[in-house]
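What the coordinates show
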Amino acid sequence: MASAIAAATAPPTAAKHSVLLLRRANDYLAATLRARYRVLSFYDSAAPLPAFLAASAAALPEPPRAALVVGGGSIQIDATFLDAAPYLRCVVTTAAGLDHGDLAECARRGVLVAGAGEVFSTDVADHAVGLLIDVLRDVSAADRYVRRGLWPVQGDYPLGSKLGGKRVGIIGLGSIGSSIAKRLKALGCVIQYHSRRPKDTVSFKYFHDVISLATESDALIVACALNDQTRHIVNKEVLGALGKDGVVVNIAHGGNIDEAELISALREGKIAGAGLDVFEKEPVVPAEFFSMDNVVLTGHEAVFTTESGSDLCDLMIGNLEAFFDGRPLLTPVLPK
């Protein structure tokens, strides 16, 4: 993949193709895109999305046949969007799949989809482990305690809970879930999991349903895709099965957890804590979490480090180049 991406670094010699930019771009991505394409940026247009898409149809020398979309953002690649942009033939997303869109509709219309592949799997796994340690050992809460000057006044902060030996249930054992499992196994945790089907390549205990997994776990980590089957896969019943000493970490998608039920479980002491990087209505985060010392919050940043951000930009450019050159996408979601 690296050689294919590197091959896309030279600017094209022909007239620039038009590309829809449906995400906020950092300086590196913006400069790289504009060196190669005529970029039509939704966030720079100040127009409502339907008007922006309609105006883009008149772009010269051709309407934009490709769009770059942020994973987990507010723009949904669904039938309404595709009706408004019938000129599109390729969607490149920063997500591993197209959870923010309708893959079946894209397939029906012959729209290719490229995802992020495994670019940020290791970074998300690191972040998940960090959140779990933080929640168990009260790292962030203890930091606030010391900063407020309470240590010399009220004494030592209450002890946290040990990571080693914990039974960790992972929901979704794909690339990210497997990377999490590898790290936690090395730290002495007992790994078990739930996914659509058992994995022949691992020896971890498999659970057919999430409630059974939660019952036998000290911590749950959500690492699955978001679809009709996994929306609110962590619900009231699962949280109840996890129990008052259990913690939950979500680095997948906000919609995987029923936030209202999570807030209730935390408030009523039905679980011990939570580490959350994703939320149902991003960037809005329920205010109830802010006063909970047993909850650690980050703003959908598990996927990005300085290194992976640069790699992801290069991969997105590589997928666009492959599409316009008539070559197979580097990290296709459609066609599979």
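What you see is a predicted model, and the numbers here were worked out from it, not measured in a lab.

Considering the overall build of the protein
Secondary structure summary: the protein contains 14 helices and 13 strands in total. A burial count over the protein gives 48% of its 336 residues as buried. A sequence separation of at least 24 residues applies to 62% of the contacts in the protein between residues at least 6 apart. Put simply, the protein shows about 16,100 Å² of open surface, and 55% of that area lies on carbon and sulfur atoms.

Describing the sheet that holds strand β3 (residues 66-69)
Reading across from one edge, β2-β1-β3-β4-β5-β13 is the order of the 6 strands in this open sheet, with mixed pairing throughout. Every interior strand has two partners, whereas the edge strands, β2 (37-41) and β13 (332-334), have only one. Averaged over all neighbouring strand pairs, the angle between strand axes comes to 25°, with direction disregarded. Here β3 runs beside strand β4 (residues 90-93); their pairing, made up of 4 bridges, is parallel. Its bridge partner being in β4, alanine 67 is matched across the sheet by valine 91. Across the face of the sheet, helix α2 (residues 27-36) comes into contact with β1 (17-22), β2 and β3 while running at roughly 130° to β2. Running over the sheet, helix α4 (residues 49-56) touches β1 and β2 and is turned about 175° from β1.

Focus on the sheet that holds strand β8 (residues 205-206)
To summarise the sheet geometry, strands pair through backbone hydrogen bonds and adopt either a parallel or an antiparallel arrangement. Strand order in the open sheet formed by 7 strands is β8-β7-β6-β9-β10-β11-β12, and the pairing between neighbours is parallel. Both edges of this open sheet fall to β8 and β12 (295-297), since each of them pairs with a single strand only. Alignment of strand β9 (residues 219-222) against strand β10 (residues 247-250), held across 4 bridges, turns out to be parallel. Across the sheet, valine 222 pairs through a bridge with asparagine 250, a residue of β10. Along the sheet, helix α10 (residues 175-186) makes contact with β6 (167-171), β7 (190-194) and β9, crossing β6 at roughly 170°. Packing of helix α13 (residues 259-267) onto the sheet brings it into contact with β10, β11 (273-276) and β12, and relative to β11 it is tilted by some 140°.

Brief notes about the state of the cysteines
For the structure on display, the rule yields 0 disulfides. The thiol sulfur of cysteine 90 is not disulfide-bonded, and the nearest other cysteine sulfur, from cysteine 106, lies at 9.9 Å. The class for cysteine 106 is buried, based on a relative accessible area of 0%.

Brief notes about the side chain of histidine 127
Structurally, histidine 127 can be placed in helix α7 (residues 121-137). Here histidine 127 falls in the buried class, since its relative accessible area comes to 18%.

Topic: the environment of glycine 155
Its location among the elements puts glycine 155 in the loop between α9 (151-154) and β6. Not counting residues up to four positions away in its chain, the partners in contact with glycine 155 are Tyr145 and Leu150.

A word on the confidence of the model for the protein
Residues of the protein with pLDDT of at least 70 account for 94%, and the chain-wide mean is 92. Ignoring residues within four places in sequence, the model shows residues 1-13, a span with pLDDT below 50, making 16 contacts including any to other chains.

Some remarks on the pairing of β4
Residues of β4 alternate between two faces, with Cys90 and Val92 on one and Val91 and Thr93 on the opposite face, all of them buried. As paired elements, β4 and strand β5 (residues 112-114) share 3 bridges and run parallel to each other. Across the sheet, the residue bridging to cysteine 90 is leucine 112, located in β5.

Examining the packing of aromatic side chains
According to the stated counting rule, one finds 7 aromatic pairs in the structure shown. Relative to phenylalanine 324, the ring of tyrosine 37 lies with its centre 5.5 Å away and its plane at 40°, an arrangement referred to as tilted. On the criterion of sequence distance, the pair formed by tyrosine 37 in strand β2 and phenylalanine 324 in helix α14 (residues 306-324) is long-range, its members being 287 residues apart. The same class applies to tyrosine 37 as to phenylalanine 324, namely buried. The rings of Tyr37, Phe323 and Phe324 are connected pair by pair, giving a single aromatic cluster.

Things to note about α10
Structurally, the α-helix is built with 3.6 residues per turn, so residues lying three or four positions apart point the same way. Compared with an ideal rise of 1.5 Å per residue, which puts 12 residues at 16 Å, α10 spans 17 Å between its outermost C-alpha atoms and is within 8% of the ideal. Tucked inside the fold, the buried residues of α10 contact α7, β6, β7 and β9. Downstream of α10 by a residue or two, glycine 188 has a phi angle that is positive, lying close to 90°.

About the cut-offs
Throughout this document, residue positions are counted from 1 along each chain, in the order its sequence is written. With the structure being a predicted model, the display of local features is reserved for residues of pLDDT at least 70 and the display and counting of side-chain atom pairs for 80 or more, all residues being used for whole-chain, interface and lining totals. Water and hydrogen atoms were dropped before computing side-chain values, which therefore reflect all heavy atoms in the structure. A run of H or I in DSSP becomes a helix once it reaches four residues, and a run of E becomes a strand once it reaches two; helices and strands are each numbered from the N terminus. Relative accessibility under 20% of the residue-type maximum defines a buried residue, over 50% an exposed one, and the middle range a partly exposed one, all with a 1.4 Å probe and only protein chains included. Residue contacts follow a heavy-atom distance rule, with two residues in contact if any of their heavy atoms lie within 4.5 Å. Residue-level accessible areas treat just the shown protein chains as cover; the underlying method is Shrake-Rupley with a 1.4 Å probe. Following DSSP output, two strands are said to pair if at least two bridges run between them. A fitted line through C-alpha atoms serves as each axis, taken over the contacting stretch for helices, and the angle formed by two N-to-C directions is quoted from 0 to 180°. Any pair of cysteine sulfurs within 2.5 Å is marked as a disulfide. Each residue gets a pLDDT score, which is the predictor's confidence in that residue and runs from 0 to 100. Here the aromatic set is Phe, Tyr and Trp, taking the six-membered ring for Trp, and pairing holds for ring centres within 6.5 Å; pairs whose planes are under 30 degrees apart are stacked, those over 60 apart are edge-to-face, and all others are tilted. By this rule, a helix spans an expected 1.5 Å times one less than how many residues it contains.

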